[in-house]
Amino acid sequence: MSFFEKKPSRRLIFVIVYILCAIWFLNRNFLGVNIIVSLIMLLGGYISLVKSNIIRDKNADKINNFKFDTFNILLTIVLLIDIFITIS
């Protein structure tokens, strides 16, 4: 994804998506599964911060950029579809 490779700071959009996704899961039901999913979403937000060159972490930086960006785009689409279906 050359769009994100040229300016890694564009990946900060995904930090917001991960935070909104974590809030969305916790807002549904405050169950153990939703808490675990929300923690994983916050971990993804942390990795987005690393990939946008704000935080340095050698382990998170080893993640393939193309796969990570593709996953983030798909997560954003699924989250938007889920929100629209729930609101309707």
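Thresholds, definitions, all that
- Residues numbered from 1 in each chain as written.
- Predicted model: local features only at pLDDT ≥ 70, side-chain atom pairs only at ≥ 80, totals over all residues.
- Heavy atoms only, no water.
- Salt bridge = Lys/Arg side-chain N within 4 Å of Asp/Glu carboxyl O.
- Buried < 20%, exposed > 50% of the residue type's maximum accessible area, 1.4 Å probe, protein only.
- Helix = DSSP H or I, 4+ residues; strand = E, 2+ residues; numbered from the N terminus.
- Contact = heavy atoms within 4.5 Å.

A. Spatial organisation of the pattern of salt bridges. Counting across every chain of the model gives 3 salt bridges. Linking glutamate 5 and arginine 11 is a salt bridge whose minimum nitrogen-to-oxygen distance equals 3.3 Å. Classification of glutamate 5 by relative accessible area gives partly exposed; the value is 42%. On the basis of relative accessibility, which here comes to 2%, the residue arginine 11 falls in the buried class. The residue aspartate 82 makes a salt bridge to arginine 28 at a minimum N-O spacing of 2.2 Å. With aspartate 82 in helix α5 (residues 65–87) and arginine 28 in helix α2 (residues 12–28), this pair connects stretches of sequence that are 54 residues apart. Here the salt bridges share partners, and the residues they tie into one network are Glu5, Arg11 and Asp69.

B. Looking closely at the environment of aspartate 61. Residue position: aspartate 61 is located in helix α4 (residues 58–61). Look at aspartate 61 and you get partly exposed, because its relative accessible area is 47%. Separated by 11 residues in sequence, aspartate 61 and valine 50 place their C-alpha atoms 6.5 Å apart. When near neighbours in sequence (up to four residues on either side) are disregarded, aspartate 61 contacts Val50 and Lys51.

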